[in-house]
Amino acid sequence: MNISWYLVVSALMFSLGAVGVLIRRNPLVVLLCLELMLNAGNLALLGFARMWADGDGQIFAIVVMVVAACEVAIGLGLIVALYRQRLPVDVDELRELHG
Amino acid sequence: MGFLFFLFAIVALAGAVGVVILRNPFYCVLALVVHLIALALLFLLLEAQFVAVAQVVVYAGAVMVLYVFVVAYVGGGDRPGPLWRATARQRTLAIVFGLAVFIELAIAILGTGLKALDTDGPKVTVAYGSPAEIGDLLLNRFLLPFELASFLLLLAAVGAVALSGRRAGIPEDEIHAPERTVDPTHDLVSSPMPPSAGSMAEGVAGYGVTRPLPAPSEESPG
Amino acid sequence: MSLQTAAWLVLALPLAGSLVIALGGRWWTPRVAGWIGTVAIALAFVFAVIALIKLQDLPEEARVATSSLWDLVNVAGVRIRLGIYVDPLSVFMALVVTGVSALIHLYSVGYMSSDRGYTRFFAYLNFFVFSMLLLVLAGNLALLIVGWAFVGAASYMLISYWYRRTTATSAGIKAFVINVVGDVGLVLGTFFIFREMGVLDYGPLFEGVQGAFDKNDASLVAGMLLILVGAFAKSAQVPLHTWLPDAMEGPTPVSSLIHAATMVTAGVYLIGRLHPLLEWAPTAAAVGAIVGAATLLIAGTIGLAVTDLKRVIAYSTMSQIGYMIMAVSAAAYVGGFFHLMTHAFFKALLFMAAGSLISAMAGEQSLDRMRGFRKAMPFTFGCFVVGGLALSAFPLMSGFFSKDALLLEIGQRGGWYYALYAAGYIGSVLTVIYTWRMIYRAFWGEPCAEAAELEHGHIHHAEHPTNPQTGEIEDTEVGFPGEAHHIAEQTWQMRLAMGALAVLSVIAGVLFLPFGITEWLANFLEPTFADSIVEHPANDGLEAFGLVLTSVVAVVFLAVAYRIWAVGSGRATAWQERFPSLHRLFVNKWYFDELIGLVIVRPVAWVGHWARDSFERIVINGALIGGTTGIVRAGSAAVRALQTGLLRSYAGLVVIGLSAILLYLLLRAA
C-alpha cells in the first residue's frame, strides 16, 4: 500500500477541477468544480496523515470541509440572488467589475 | 486492498469527469455526489473513519442536498446554452494548463513514490481515525481552529440568509436595476471634462479599451 | 544725527511715503495723499541738506562715508551689502532729485486734482523718487542695478498711468522694453568687471581698477561699452532713444520729473560715478562722447520739425542729455553735472508750463492748433520765456553758464575734442531755434479759439474728452484724465512750484561762474573727481571765445526765429518747402522707429510666430506632451486590458500562476 497513488488521484482530481472551473459557464457548475478541487486537497491531506500516522491531517481535512460548506452556502446564496435580480446566470455575462 | 483502491479511485475519477463534462447542471450535481461517496470510501481505506462518515453525512448529505435545491430553483436556464462559448483558444489554453498542473504534480509525486510501492506504511493504532481520537484532537490541540471554524459557519449562515432574503420595500419588478451608463464627460467630483481626458469614469466604462471613444460634444468646455 | 543717518533718512522717507499712501489708500482722501507725498519728499530734501552740511565737515581727502545695513548676498566669494556711498556726487544728485521732485509733487497736487487715480499717482511718484535715490546713493554696482531696475519699473507705471489709453500702455511697454535692453548691457558689463576684480563695492573697485586691468584692456573696454549701452538706454541716446518721445503719453508732471530732470540723467550719473573705470578705458569713453554728440545733433534737428508741444521739449531733453553724456564721457565732470542741475531746473519748468498750456487747450498738444496765448496766460508765458532763455543759454541765465562751462571743459582737452566742441555749438544753434519756434508759435499771433475763450476767464472744455494722439473718444473715469483742466493762473500750487523753478533757473548759474569768479560747485565736487587722470589745462582764450560765441548765438538766432515764426506770413512754410526731403527726415524722426521695426521687431515676431505655430504645436504638444501621455495611456490601457471582468480569465490567471510556481519548485528541487 502506498499513498503515492492516492496523491496521484488527488492531483488528477485537482487538475480536473481546475479545468472545469475554466471551462464551464454556469456558475453552479463552476462551484461544483471548485468542490472537486477542495476534495482533492482533502484526499491528499488524509493520505499524508496516514503516512505520518498523525491525526492532525484529519483535523485539517475536517476544517477544510467546514470551509467548503460555508463557501457553498454563500456562493449558492449569490447565485440565488442573481437569479432573483433576473441577471443572466452566466459567468461570461457577469463582468461589470472590469477596468 | 489494492483492488479496492483502484475501484474506488476510478469511480471517483469518473464522477469528477462527469461533473466537468455533463451539460445539465443537475446531472453534474449527481455526478459529484457519486464522486463524493467514492471519495468517502477512499477515506475509509486511509483509516480515516470519522472523516469518511462526516464526508457522507455533511458533504454528500447536506451540502449536495442544498445544491440540488438551488439547481432546481435556478436551473440551467430554459435552454442550456452551449458548454463552451469560450473561444477555441481559451479552451485549448485551459486544457493545456490543467494538463500541465497535473503532469507537474505527477512528476513530483511519482518521483519519490514509485520506490516504496509495496511497503505497508507505518503502523497505526486502532484508535487512529476514530471519533474519540478526532474529538480529543479537536478539543485539546486544535481548540482555537475549532472555535474559529464554528464562527465561520455562523458567518456563512448569516451571510446566506442576508443574500437570499427579500429586501423590504423594493418591489420585485424594480429590483432589476436599469442599465446605468457612465458618462465620460463628467467626472464624479469635478466639472465636465472633455472626452478622452482619461477620467476614472471613462476607464471604468471601458472607453478606449472595449468601447470606442465618444465624439466630443459641443457643450462641454475644455 | 550723523551723516550716514541723514543719508539713510533721505532714502527711507520717499519709500515710507509711497508705502503709507499705497497701503492706506482707502483711508486718505486724495488731497491728504498728495500732501503726504509732497511732505515726504520735502523732508527728504531737508535731510539731504543736512547730509550736505555734515559732509563738508569731513576732511577733503576722505570726503566719503559708507554705511551698510546687512549682507544681501554673501556666497561663493560674492559679497553684496545693502550699503550706501555718501560722497559729494551722490549728495549733489540727491539734492537735485529731492529738490526738483518736491516742487513737482507740489505742482501735481494742483495739476492732477481732478484725476480719479490721484492717490495711485502719488504712490507711484514717491516710489520713483525712492528708486532714483537708491540708484544715486547705492554703495555698490549690484544695488545700483536694483535702483536702475526700479526706476525703469516706476517709469513704466507712470507712463502707462492713464492705463485705459492704448497709446499710453504701448508707450509704457516700449519704454520698458528698451530700458530692459539697457539693463542687459548694464548687468553684462558689471559682470565683465566683476570677473576681473571680484568686488562690486565702489571703494575697492575704484582703487583696484588700475591694478587689475591694463589701460584700454579689451575686457574692460567691453565691459564699459556694455555699461554705456545701459546708460544710453536710460538716458535716451541714439539708437536707444525711441522710447522718450512716446513717453510723453504720461501726465505732464511725470514727463517733467522723470523724463527731464531725474531718470534720464541716471545715465549721466552712472558714467560720472564710474569715471575711474571709464578713464582707464579711453576707447569706451570716446564712444560715449561721440554718441552723445551725435544724439545732441540728431535730436536738435528733429526738434525743429515736430509739432507736438511735449515732444519738442522731449527732443530738447534728449539733446541736452546728449551734451551731458558727451561731457562726462570726455571727463568734463563739473561742467556736465552743473548742466545737469540747471537743466533739471529749466526743463522741469518748461514741462510744467507746457502742462499749463495744454490744460488751457483742453488736452490738445499740437502746436499747429495753439496761437496767441500771451494775453490769456501771462504767468505761463513768463515761465516759458524764463525757461526758454535758460535753455537757449541766453547771457546771464543759468543755462548760459552751465553750457559754457561744459563745452569749455571739453575744449580744454584739445585734439579731436575740438570736433565735439564744434558739435556742441552747432547744437546750441539748433537749441535756440527750436526753443523759440515753440514759444513764438504758441504765444504770438492771433489768439486761437481756446485763447480767446480764456481771455474771458473761461477754460475751454472739449465736447468729449479725446485722446490727443488718435482722437478716440474717452471718458473721465479712472484710467483716463480727469475732467477739470488746471492752469497755472488759477492753481496756486502750480504757480508756487513754477515760480520757484523760474527763480532757480535764473540764479543757479552763480554756483560756478567763469574765470574763477565763483568756484563753489567745482570745489564741492572736487573730492569725488580728484582721482581723475584727465588733464584740463586752463585756457582763458577759449573761455572768452566760448562765452562770446554762446551770447551771439543766443541773441542772433532768437531774432532769426522771431523773423520766421513770430512775424508769421508764411516764412516757416517757405523754409519747409525749400528743403522738403530734410524736413521729411526730421519729421519722421530720422526713421529710427521704422529701422528698429525692420531690423529687430519683425524678425523677433517672425520667430515668435514660428515657435507658436510649428515648434509649440509639433514638438511640445505633439512629441513631448502627446508622447508622454500617449505612453502612459498605452501602458495603462495594456494593464486595464487584463481586468476583463471575466471570472474565467481570472481563474485562468490563477491556474497559470499556480503552474508557474510549481514548475519553479520542481526545478529548484531537481
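Residues numbered from 1 in each chain as written. Chains lettered and ligands numbered in written order. Predicted model: local features only at pLDDT ≥ 70, side-chain atom pairs only at ≥ 80, totals over all residues. Heavy atoms only, no water.

## Brief notes about the overall build of chain A
And then number 1: Secondary structure summary: chain A contains three helices and zero strands in total.
And then number 2: Beginning at the N terminus, the succession of helices and strands in chain A can be written as α-α-α.
And then number 3: With 99 residues in all, chain A has 67% of them scored as buried.
And then number 4: Considering only contacts within chain A whose residues lie at least 6 apart along the sequence, 55% involve residues at least 24 apart.
And then number 5: Accessible surface, chain A: about 3400 Å² in total, of which carbon and sulfur atoms supply 71%. (Helix = DSSP H or I, 4+ residues; strand = E, 2+ residues; numbered from the N terminus. Buried < 20%, exposed > 50% of the residue type's maximum accessible area, 1.4 Å probe, protein only. Contact = heavy atoms within 4.5 Å. Areas by Shrake-Rupley, 256 points an atom, 1.4 Å probe, with all protein chains shown as cover.)

## As for the packing of helix H6 (residues 166-197) of chain C against helix H7 (residues 202-212) of chain C
All names here are of chain C.
And then number 1: Where H6 meets H7, the closest approach of the two axes is 10 Å, and the angle between their N-to-C directions is 70 degrees. The pairing of H6 with H7 is recorded here as roughly perpendicular in orientation. Here Ile-193, Glu-196 and Met-197 of H6 come into contact with H7, specifically with Pro-204, Leu-205, Gly-208, Val-209 and Ala-212. (Axes fitted to C-alpha atoms, helices over the stretch in contact; angles between N-to-C directions. Parallel < 35°, antiparallel > 145°, perpendicular 65-115°, else oblique.)

## Remarks on unusual backbone geometry
All names here are of chain C.
And then number 1: Cis rather than trans, the peptide bond between Val-238 and Pro-239 has omega equal to -5 degrees.
And then number 2: Positionally, Pro-239 belongs in the loop between helix H8 (218-234) and helix H9 (243-246).
And then number 3: Phi angles above zero are rare outside glycine, and Asn-216 is one such case at about 60 degrees.
And then number 4: Looking at the secondary structure, you find Asn-216 in the loop between H7 and H8.
And then number 5: Although it is not a glycine, Ala-331 sits at a positive phi angle of roughly 65 degrees.

## Points about the nonpolar core
And then number 1: Formed by 204 residues in total, the largest nonpolar core has its most connected members in Phe-128, Met-224, Phe-337, Phe-373 and Phe-384 of chain C.
And then number 2: Ranked by residue count, the leading element in this core is helix H15 (residues 333-360) of chain C, at 19 residues.
And then number 3: In terms of nonpolar packing, the next biggest core, distinct from the first, is built from 72 residues, Val-21 and Leu-32 of chain A together with Phe-43 and Val-71 of chain B among them. (Core = buried A, V, L, I, M, F, W, Y, C linked by side-chain atoms within 4.5 Å.)

## Some details on the state of the cysteines
And then number 1: Evaluation of the coordinates by the stated rule reveals zero disulfides over all chains.
And then number 2: Cys-28 of chain B forms no disulfide, and the closest cysteine sulfur to it belongs to Cys-33 of chain A, at a distance of 7.3 Å. (Disulfide = S-S within 2.5 Å.)

## Focus on the pattern of salt bridges
And then number 1: Evaluated as defined, the whole model comprises 16 salt bridges over all chains.
And then number 2: With a closest N to O distance of 2.6 Å, Arg-648 of chain C and Asp-92 of chain A form a salt bridge. Of this pair, Arg-648 of chain C sits in helix H26 (residues 647-669) while Asp-92 of chain A sits in the segment after helix H3 (56-84), on two different chains. Here Arg-648 of chain C and Asp-92 of chain A have matching classes, each one buried. (Salt bridge = Lys/Arg side-chain N within 4 Å of Asp/Glu carboxyl O.)

## A closer look at a nonpolar patch on the surface
All names here are of chain C.
And then number 1: On the surface, Tyr-156, Ile-173, Phe-176, Val-177, Val-180, Val-181, Val-184 and Leu-188 cluster together to form a nonpolar patch covering roughly 640 Å² of accessible area.
And then number 2: Here the element with the most residues in the nonpolar patch is H6; it accounts for seven residues.
And then number 3: With respect to the element layout, Val-181 can be found in helix H6.
And then number 4: Taking the relative accessible area as the measure of exposure, Val-181 reaches 43% and is therefore partly exposed. (Patch = residues over 30% accessible without salt bridge, like charges linked within 9 Å, V, L, I, M, F, W, Y side chains within 5 Å.)

## A word on the interface of chain A and chain B
And then number 1: Contacts between chain A and chain B engage 71 residues on the former and 84 residues on the latter.
And then number 2: Carbon and sulfur atoms make up 73% of the surface buried where chain A meets chain B, a total of about 7200 Å² over both sides.
And then number 3: Linking chain A with chain B are one salt bridge, by the criterion used here.
And then number 4: Along the contact surface separating chain A from chain B lie 11 residue pairs in polar contact (both at pLDDT 80 or more).
And then number 5: The dominant element in the side of chain A that touches chain B, judged by the number of residues it contributes, is H3 of chain A, at 22 residues.
And then number 6: A per-class count over the side of chain A that touches chain B returns 47 nonpolar, 14 polar and 10 charged. (Buried area = accessible area lost by both parts, 1.4 Å probe. Polar contact = N/O pair within 3.5 Å; in protein donor to acceptor, adjacent residues only side chain to side chain. Nonpolar A, V, L, I, M, F, W, Y, C, P; charged D, E, K, R; others polar.)

## So, the pairing of strand S1 (residues 65-75) of chain C
And then number 1: Examined bridge by bridge, S1 of chain C and strand S2 (residues 78-86) of chain C share eight bridges and lie antiparallel to one another. Residue pairing for S2 of chain C: Asp-71 of chain C is matched across the bridge by Arg-81 of chain C. (Pairing = 2+ DSSP bridges.)

## So, the packing of aromatic side chains
Here the distance between the centres and the angle between the planes together describe a pair of aromatic rings.
Residues and elements named next belong to chain C.
And then number 1: The final tally for this structure, using the stated rule, is 32 aromatic pairs over all chains.
And then number 2: Arranged with centres 5.7 Å apart and planes meeting at 90 degrees, the rings of Phe-121 and Phe-122 form a pair that is edge-to-face. You'll find Phe-121 and Phe-122 in the same group, each marked buried.
And then number 3: Taking the centre distance of 5.1 Å and the plane angle of 70 degrees together, the rings of Phe-121 and Tyr-161 count as edge-to-face. Taken together, the residues Phe-121 in helix H4 (residues 118-137) and Tyr-161 in the loop between helix H5 (141-159) and H6 connect sequence positions 40 residues apart.
And then number 4: On the accessibility criterion, Phe-121 (0% relative accessible area) is buried. (Phe/Tyr/Trp six-rings, centres within 6.5 Å; stacked < 30°, edge-to-face > 60°.)

## A short note on the side chain of Thr-190 of chain C
All names here are of chain C.
And then number 1: Within the element layout of this structure, Thr-190 appears in helix H6.
And then number 2: Thr-190 gets classed as buried once you look at its relative accessible area, which sits at 6%.
And then number 3: Separated by 2.7 Å, the side chain of Thr-190 and the backbone oxygen of Leu-186 make a polar contact.
And then number 4: Among residues more than four places away in sequence, those in contact with Thr-190 are Leu-141, Ile-145, Leu-200 and Ile-227.

## Comments concerning the environment of Val-64 of chain C
All names here are of chain C.
And then number 1: Along the polypeptide, Val-64 turns up in the loop between helix H2 (30-56) and S1.
And then number 2: In the structure, Val-64 is positioned 464 residues away from Thr-528 in sequence and 8.3 Å away in space, judged by C-alpha atoms.
And then number 3: Each residue touching Val-64, except ones within four places of it in the same chain, is listed here: Leu-58, Tyr-85, Val-86 and Asp-87.

## A look at the side chain of Ser-10 of chain A
All names here are of chain A.
And then number 1: Tracing the sequence through the fold places Ser-10 in helix H1 (residues 3-23).
And then number 2: Using a relative accessible area of 8% as the deciding quantity, one classes Ser-10 as buried.
And then number 3: When residues no more than four places from it in sequence are discounted, the contact partners of Ser-10 are Ala-40, Leu-43 and Ala-44.

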